[in-house]
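The chain contents come next:
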Number of protein chains: 6
Amino acid sequence: MAKSVITLGEIMMRLSVPANGRFTQATTFQAVYGGSEANVSVALSNFGIPAGHVTRLPSNDLGKSVVQHLRKYNVNTDHIVFGDERLGLYFLENGSMQRPPRIIYDRFHSAFSFIKPGQIDWNAVMNDASWFHWTGITPAISQGAADVCKEAIEAANKHGVTVSGDINYRRNLWQYGKDARDIMPSLIRGTHYMIAGISDIENCLGIKGNDYASVCKEVINKNPQIKNISFTHRDTISASHNKIHGVLFDGSTLLSSKEYDLTHIVDRVGAGDAFMAGLIYGWLKRYDDQKTLEFASASCALKHSIEGDVNLATVEEVETLIKGENTGKLLR
Amino acid sequence: MAKSVITLGEIMMRLSVPANGRFTQATTFQAVYGGSEANVSVALSNFGIPAGHVTRLPSNDLGKSVVQHLRKYNVNTDHIVFGDERLGLYFLENGSMQRPPRIIYDRFHSAFSFIKPGQIDWNAVMNDASWFHWTGITPAISQGAADVCKEAIEAANKHGVTVSGDINYRRNLWQYGKDARDIMPSLIRGTHYMIAGISDIENCLGIKGNDYASVCKEVINKNPQIKNISFTHRDTISASHNKIHGVLFDGSTLLSSKEYDLTHIVDRVGAGDAFMAGLIYGWLKRYDDQKTLEFASASCALKHSIEGDVNLATVEEVETLIKGENTGKLLR
Amino acid sequence: MAKSVITLGEIMMRLSVPANGRFTQATTFQAVYGGSEANVSVALSNFGIPAGHVTRLPSNDLGKSVVQHLRKYNVNTDHIVFGDERLGLYFLENGSMQRPPRIIYDRFHSAFSFIKPGQIDWNAVMNDASWFHWTGITPAISQGAADVCKEAIEAANKHGVTVSGDINYRRNLWQYGKDARDIMPSLIRGTHYMIAGISDIENCLGIKGNDYASVCKEVINKNPQIKNISFTHRDTISASHNKIHGVLFDGSTLLSSKEYDLTHIVDRVGAGDAFMAGLIYGWLKRYDDQKTLEFASASCALKHSIEGDVNLATVEEVETLIKGENTGKLLR
Amino acid sequence: MAKSVITLGEIMMRLSVPANGRFTQATTFQAVYGGSEANVSVALSNFGIPAGHVTRLPSNDLGKSVVQHLRKYNVNTDHIVFGDERLGLYFLENGSMQRPPRIIYDRFHSAFSFIKPGQIDWNAVMNDASWFHWTGITPAISQGAADVCKEAIEAANKHGVTVSGDINYRRNLWQYGKDARDIMPSLIRGTHYMIAGISDIENCLGIKGNDYASVCKEVINKNPQIKNISFTHRDTISASHNKIHGVLFDGSTLLSSKEYDLTHIVDRVGAGDAFMAGLIYGWLKRYDDQKTLEFASASCALKHSIEGDVNLATVEEVETLIKGENTGKLLR
Amino acid sequence: MAKSVITLGEIMMRLSVPANGRFTQATTFQAVYGGSEANVSVALSNFGIPAGHVTRLPSNDLGKSVVQHLRKYNVNTDHIVFGDERLGLYFLENGSMQRPPRIIYDRFHSAFSFIKPGQIDWNAVMNDASWFHWTGITPAISQGAADVCKEAIEAANKHGVTVSGDINYRRNLWQYGKDARDIMPSLIRGTHYMIAGISDIENCLGIKGNDYASVCKEVINKNPQIKNISFTHRDTISASHNKIHGVLFDGSTLLSSKEYDLTHIVDRVGAGDAFMAGLIYGWLKRYDDQKTLEFASASCALKHSIEGDVNLATVEEVETLIKGENTGKLLR
Amino acid sequence: MAKSVITLGEIMMRLSVPANGRFTQATTFQAVYGGSEANVSVALSNFGIPAGHVTRLPSNDLGKSVVQHLRKYNVNTDHIVFGDERLGLYFLENGSMQRPPRIIYDRFHSAFSFIKPGQIDWNAVMNDASWFHWTGITPAISQGAADVCKEAIEAANKHGVTVSGDINYRRNLWQYGKDARDIMPSLIRGTHYMIAGISDIENCLGIKGNDYASVCKEVINKNPQIKNISFTHRDTISASHNKIHGVLFDGSTLLSSKEYDLTHIVDRVGAGDAFMAGLIYGWLKRYDDQKTLEFASASCALKHSIEGDVNLATVEEVETLIKGENTGKLLR
């Protein structure tokens, strides 16, 4: 069996108000499942890359629905563990025009937040792994989650599995008594590909600066195992109109992808995860950095046209967009 | 301004799978708001009785939606307090035929569970109250909720406000270290009208027996301020077909209402609260016990035809059903 | 071209609350179009009988939608006239269980209520007519509508076109200063087949009595052109469970059809019109009275399973039900 | 209790075709409630300003639904009166792209059109009023409505309550035999803040001109109690793309707000009422004219992103848009 | 009875994923009916032009639904024939943003593909015809369909009925062993108005070139009965944003219409048929070529705002757009 | 890895009219995927039994959706093969009351119908199989499908895998020139557990008789490898009300299960497959015949309450129903 990209992280039920409705207008909510890391696995599986996800879920029908969501997209669920607690949730109000999208998180006390070292057999997981991906959300959730994340990174390093980390600093999390700077440096130390913006780096590593390239250079100087650092730049004209492009610092040069003009945005949640999946795809395929960055940016752009947290674009669709062929033309 | 019936308790968002779908089939959830005690206030307001509800809600748009739900039905919300925590939820899978309805509760760590004595100005509340109603769900949630419930009952007694209590023992709650028998007796001591089944009484007061009348007699002997004890008897042929009637022990005799044959059930959640509202309505109108019981049972029967947690029947509709006129006939 | 059954009457937009919702819960309404007489034409057209409808509609897109509704079902619309006023509406709350269905009419000041003699070329209409059908709703709407109804019946009689009339007395209409007894007798005088219950007859002809056969006998004695009088008997156990059968007094004997036990009712609006269409079908096909009555009753029974105002059953489906074959069995 | 902004006017049920459907494609209609003046009260209540609405409604479940709509948004309904007639309606076909939105009004013969002087206790109303707002729609509906509007303005003036009037000339109304120029001048005479475009002023006051500032100057010269006159300027590129900005003539200078580029329009109905509510908010908060105008224009802009007739934006959201911060950015 | 525009061709059920969903996300499909030629008839009927359609349908309820679809829009269905086979289908995934719309055709083995010469009484059809329209889809489906198309064109020519043909070359069809160049030339020989792009002409007539005018000139030289050749030029910025304009070669000059900037596209399927219907409308009304082209292009532009395969714009709406009046402005 | 139950057969997209609508009323269709044999695998997987399915699908997004449907329910899809043709479909009109459900099949020319021997590696499949199940639908589809079915049964017998066959004779299939009696006997010869009604046996084996036990006895006499023959008996009172029980002839005795009174039927499609899955479950668990039959009948009964083709009941739910505990009672 082919080795898989493994991700670790919480999956939540997303309850979104249909169309352009506001929270106080909702009489129904649309339910999908998503989590930053699992979204990466689903997107990679849609790209034809074997993928698996590790998490902890409640042992009720909501947890079962999460497993079915992953299986539907052929993401391996064999290493998921179960507990008695609740499924994390988030409520989404889609923005439109000048009105921003809003999220009400309801993820505390979830089954995932009670994950503990020893619950996952990381040796078994990493034996079949081609890559390991984590994000800064996991260590922000609980001490247990931080510990398990560290446990996973260490196992990956021990098994020679490449590690990517999306720093994704979220101020509203980190409520269990630790600060990002207490925890993140040691996790970054085991990471080979890092995704981070300038404020993520400041908040997690304490490295400040206004120039992305110089800040990245300093990070790599202090963490020489890091091969490159990348990020998406998003220009928000309105909730319905953004422009995005990707940037990647390869240790010496700051590469930049084509910019996409995203009008008529359908769903921007998970666009960063689609970018991430595109990067991993490029690296696994041994694309050069520029080609990888273009693939990731086009993947990210396409995600904005797709409902739900997960990118459903295929490799062929991403490549067609990069080539600029048939963009938006009816395919019979 | 007319004095109001006041209820105290948690309100949750109910997320139900549409029609006959199962949890694992859900792509949307229908959202309504309900809680046993608030449902009584809404039903009474629909009967034309001034009503208010006291609770603690999260200070976000979900909490705001609860307030708007109550206001829509003209339930006074002036004494509601707000906090930082979450809104309690429950997920509902409607049953049908031989397949039972199922609920997944997700109500722990709610804003209501953090309610504390002193947060509500009960003197102000009871000054304007014509009646106070509580249920056994509240003291089961947290020590704080139990304390506030006691505080409310004592204030009611002090202000000469009649108190009703729906014992409603729920084994899955009561997780804060106390047992129902530690807490409930002192609350029942301040209560004048009690709604309880034979197992509720055993679990909360430790009084056992197989004969409802004798058990009730013993309860009243020990709690002589109780005027009567009532209950709905439900015969479940299937999820779509139940039979119900109400019983009431008036201290010496066990009265029984007409039985309703409930085929084609639409929504049975909140039927007990509709029964409760019917009882309070009868007592406030100084109906005799039999007439009160018939009103409550017809109110309960009609609730089964109404979507959501709250009874939307009017007094006229309840009375028409009691008279057996035009049952189900098209009204032009 | 084959001659058509012609009906005259108002068509309204029906706005119904979805599923089991109550008026105050509605956030959407389902829109269909219906009117007692037009429903008969649509049902007959579905039975393969050429049919046309005459009415007056507003000259806006709602009136256009009504025309499209009729055309969809191949009902001739060539003699419809248009005016500036509004489309009549009615709001429907489906009943369920013990809770009755309710209608809020909003049909006053409609384009139809302003219909006037001379607007319809009845000679042209009756030239192509095989049958003319009217109901007691039309003369109740306005003096103009009553006059046009009389005009039509007279034209039918002049052209030798058979006339049926569904008396259908509605107390809430008749607000233009005339009483049913002022108007109806002269319309009934031109009618050959009459559909009426015992109270319709009392309200419109002033003939009282408790025995349907004797009352009908008296009607026929006074209106000897009437061939027979029929009616559906409905026993309403609940909104979801009725029993119906048809009766027909043929001048000497009271015939009765098979009774249908109608559980799980979907939509009972228009069931009387489906019965009426079945009668006209039988009479046009020169079935004997008993066979005609069975056809009409089965047509009426099937309508209860069909959403909307109009019966969509085919002749084959009606006949299969009469034979009792395959009732409810999956047809692959 | 805090004094309230009081509005007077008709509330209609709006029945809109879902999404981009045309009238003749509709199988369902979405139902919301709205009226120009009530929309102002709801918007102000959402801004935290105590508000009440005065109207006349049918005493059926549709009238009840209107009351529940207002109560949901905490708008006082104590002075609403009821009658036997119908609820006014309007049907809306959303436009999109080059295809304009279209409205079919069905509001004649409504309960509101039968309102008469003496039905409302204006002394009681104005005792608790901080502001009174009317529009030119009310006097256009019927003589009774015009009389009640005048009665209200006079009561406001008597009680020293500030009066605003949105002239909003609608040619299709004014069918009861009076012309706007017969009625409007005396209403404007009691008004302190006027909202009007150049053609409104011509149609209602007979003052012509091509230059907005000079026309306004002439209005104020003739009506010196008027403090300022304002208006929204809308540039319609397509149904999906407008540009708007507000203008205000303060007696000497024509102020202009920031212009908003409104692509991807969700619902433009009620945008003028959102502008109006923003003006009243600014004036009540004693903002200067420019700040008031900016608040009103941003309120108006945000309304275009919100489904239904009423603005659900909060003060915080309006202020964030004015500042240009986080426009359209995801708020976690 | 007025003579009608007659079209010949297959009608399919279109099953489209709601909103922006992808095929693999679909839990429901929206069903409409469409076919290039029938769409032209429906659009013309909406323009007030008598129209009829000839096709072959399965004799089941899906075929019946197609007939009802045409009748709803007043398209004559008297010459439709029926068979035992299936209804052709196509599945549509709406595109959005950079993601293109996609179609999965499922039209092989349809009842239409089994149409044979002799099944349609073309003499009867052409007797009542004012115009005959065909497309290059029909001869691509099967030998029988090609033969019937030829039979129809010959009958039209015999009866002096003008013929238009939309070449519309579809490579994926043409699977019955013939090439377009075997079949199309003889059909074009009987055609007076031709709609074709440069690649259609190459694929069907073997005439190559880069300059549209010269290619058209060569076509007309070889087919001197052709009066003009036209086409829509579409510039696809994204699935949500296109620009279109029409071109027409009148034998000597290449005319060009106004260009429409189509942002916020609702549904582009059938836009070519709306253009076609606009051309036929102009020619029937004896508009000059430029006016005809402007009418067709505006008709085409409006179609993009309308859900489904068929254009529902009226002549008044098309003319208003051409004049540039009220584009997108709310019409009360 | 645990050995799996393997099924072989076609999976179709089912397009059903929502709620109680008729085909001609449909504007949307609900899409699920099902096929008699795959439904058995899904049901068994829901019972916790490893299961896989073998089929041939079109290599487009509809085929992909089928694979995702199976994976969601953890059914192994590794041996599915793909081709260029279409996905079989069926259209379903739900029946209600006296109106029967109706199916329009559109399954000819599907990718499955082009399956050929040699396409599936049956040795590999049977190596991991614990059981093989086929139905009489497969050999009815095409010669290729019949050949592959035979190939599978022979491979199963060769590998010592137990074989069950649901005879399920469908007259409308069998259109490729062979009769059931030509093909079925040799397939039955390799089958150990047979599900068949009396007419299935007559049509496929030519054994006639009125007594089920004697007919079964004769079948077993001629096919001594058959261990038992079972069937569900269905009594259809209406489309909404059936009664069912299972029967099983064990070679000497006819066993009968408890009868279930099925009122308020939600969806009866796939009930036979739920029965089948229950039988296989019982046999795999080595239940005795009576217990197996009770499990199968309760599984069948529960399916009627579940939307879609597949049974979603768990073992616990089936066992609870058998015990008669909590039937239809709300489970909190």
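Residues numbered from 1 in each chain as written. Chains lettered and ligands numbered in written order. Predicted model: local features only at pLDDT ≥ 70, side-chain atom pairs only at ≥ 80, totals over all residues. Heavy atoms only, no water.

Next up on the list: the overall build of chain A. A count of helices and strands for chain A gives 11 helices and 16 strands. Taking 332 residues into account, the globule formula puts the C-alpha radius of gyration at 20 Å, and chain A, at 19 Å, falls close to it. Principal-axis analysis of the C-alpha atoms places the extent of chain A at approximately 50 × 50 × 40 Å. Here chain A, with 332 residues, has 67% of them falling under the buried criterion. Considering only contacts within chain A whose residues lie at least 6 apart along the sequence, 68% involve residues at least 24 apart. Surface accessibility of chain A: about 11,200 Å² in total, with carbon and sulfur atoms responsible for 45%. (Helix = DSSP H or I, 4+ residues; strand = E, 2+ residues; numbered from the N terminus. Rg over C-alpha atoms; globule rule 2.2 N^0.38 Å. Buried < 20%, exposed > 50% of the residue type's maximum accessible area, 1.4 Å probe, protein only. Contact = heavy atoms within 4.5 Å. Areas by Shrake-Rupley, 256 points an atom, 1.4 Å probe, with all protein chains shown as cover.)

With an RMSD of 0.0 Å, the operation that places chain A on chain D is a rotation of 120° combined with a shift of 0.0 Å along the axis. Accordingly, the operation relating the two chain copies is best matched by a three-fold axis. Taking the C-alpha atom as reference, chain A places His264(A) closest to the rotation axis, 4.0 Å from it. Take the interface residues of chain A: only 8% of them recur as interface residues in chain D, which is what a contact between different surfaces looks like. (Least-squares fit on C-alpha atoms with pLDDT ≥ 70 in both.)

This next bit is on the environment of Phe47(F). Residues and elements named next belong to chain F. Along the chain, Phe47 falls in the loop between α1 (36–46) and β4 (51–54). Sequence separation between Phe47 and Leu312 is 265 residues; the distance between their C-alpha atoms is 8.7 Å. Those residues in contact with Phe47, other than ones at most four positions away along the chain, are Ala277, Gly278, Tyr281, Phe295, Ser299, Asn311, Ala313, Thr314, Val315 and Val318.

Further remarks concern the pattern of salt bridges. Counted according to the given criterion, the structure contains 72 salt bridges over all chains. Close ionic contact of Glu93(C) with Arg102(C) constitutes a salt bridge, the shortest N to O distance being 3.5 Å. One network of salt bridges, with partners in common, ties together Arg22(A), Glu93(A), Arg99(A), Arg102(A), Asp61(B) and Glu317(D). (Salt bridge = Lys/Arg side-chain N within 4 Å of Asp/Glu carboxyl O.)

Another aspect to go through is the relation of the copies chain C and chain E. Superposing chain C onto chain E requires a rotation of 180° together with a translation of 0.0 Å along the rotation axis, leaving an RMSD of 0.0 Å. Overall, the copies show the geometry of a two-fold rotation axis. Among all C-alpha atoms of chain C, that of Lys72(C) lies closest to the rotation axis, at 2.1 Å. Mapped onto chain E, 100% of the interface residues of chain C again fall at the interface, so both copies present the same surface.

Okay, the interface of chain C and chain E next. Taken together, the 7 residues of chain C in the interface contact 7 residues of chain E. Of the roughly 730 Å² buried between chain C and chain E, counting both surfaces, carbon and sulfur atoms make up 46%. Taken together, the links from chain C to chain E amount to 0 salt bridges. (Buried area = accessible area lost by both parts, 1.4 Å probe.)

Attention shifts here to the environment of Phe249(D). Residue and element names in this part refer to chain D. Tracing the chain through its elements places Phe249 in strand β14 (residues 241–249). Between the C-alpha atoms of Phe249 and Leu262, which are 13 residues apart in sequence, the distance is 24 Å. Beyond its immediate chain neighbours, meaning those up to four positions away, Phe249 contacts Ala213, Cys216, Lys217, Ile220, Asn228, Ile229 and Leu254.

Glancing now at the confidence of the model for chain A. Averaged over chain A, the pLDDT score is 97; the fraction of residues at 70 or greater is 100%. Listed scores for the predicted complex are pTM 0.97 and ipTM 0.96. (pLDDT = per-residue confidence, 0-100.)

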